[in-house]
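Structure at a glance
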Amino acid sequence: MNSVSRGVRNNNPGNIRKGEPWLGLIARPMQTDQAFCQFISPEYGIRAMIIILRGYQQRYGLHTLRHFIERWAPAVENDTRSYVCHVADALGVCPDSPVDTRDHQFMIALLQAIIRHENGCQPYEDEVFLRALELAGS
């Protein structure tokens, strides 16, 4: 049995489902996961997370941690309440705290908390997040 989580194995630590034609996806013939994106490196998977989270603010007008997590992990397939509490605790903020996707420090902390919740661990060094922010056009 493989002890590495699916998200880490797929270089997709946010467990983003297939759909968008993301930059950095593994070529279609080499993809082995039918449901989730597989990226060539974790930087590209985290880049996709950043773009999605920025979209929550820009496209949907979401501004609180609770609203971000409720959209990221809908209650139809997640214990969203627990997820919100876990991420808020990890960040040391209230669930109804505003989210600023332009604040790199906050974004890295948010990404790390989501990754930890999604995978049971957060295996990436800060450089991976900085590279992902650069790829996302920070």
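Our structure is the block above this text.
Residues numbered from 1 in each chain as written. Predicted model: local features only at pLDDT ≥ 70, side-chain atom pairs only at ≥ 80, totals over all residues. Heavy atoms only, no water.

1. Focus: the overall build of the chain
In terms of helices and strands, the chain carries 6 helices and 0 strands. Each helix (α) and strand (β) of the chain, taken in turn from the N terminus, gives the series α-α-α-α-α-α. Whereas a compact globule of 138 residues would reach a radius of gyration of roughly 14 Å, the chain reaches 14 Å, a difference of no more than 12%. The dimensions of the chain, computed from C-alpha atoms along their principal axes, are 40 × 35 × 30 Å. Contacts in the chain between residues far apart in sequence, at least 24 positions, make up 56% of those at least 6 positions apart. Within the structure as shown, the chain displays about 7,600 Å² of accessible surface, and the carbon and sulfur contribution to it stands at 49%. (Helix = DSSP H or I, 4+ residues; strand = E, 2+ residues; numbered from the N terminus. Rg over C-alpha atoms; globule rule 2.2 N^0.38 Å. Contact = heavy atoms within 4.5 Å. Areas by Shrake-Rupley, 256 points an atom, 1.4 Å probe, with all protein chains shown as cover.)

2. What to know about the packing of helix H3 (residues 65–72) against helix H4 (residues 80–91)
To describe two helices that pack against each other, one gives the angle between their axes and the distance between the axes. One can describe the packing of H3 onto H4 by two numbers: an axis separation of 9 Å at closest approach and a directional angle of 135°. Classed by the angle they form, the pair H3 and H4 counts as oblique. Pair H3 / H4 crosses with right-handed handedness. In contact with Leu-65, Arg-66, Ile-69, Glu-70 and Trp-72 of H3, H4 contributes Thr-80, Tyr-83, Val-84, Val-87, Ala-88 and Leu-91. Among the residues forming the contact of H3 with H4, the class breakdown is 8 nonpolar, 1 polar and 2 charged. (Axes fitted to C-alpha atoms, helices over the stretch in contact; angles between N-to-C directions. Parallel < 35°, antiparallel > 145°, perpendicular 65-115°, else oblique. Left-handed = near helix turned anticlockwise from the far one by under 90°. Nonpolar A, V, L, I, M, F, W, Y, C, P; charged D, E, K, R; others polar.)

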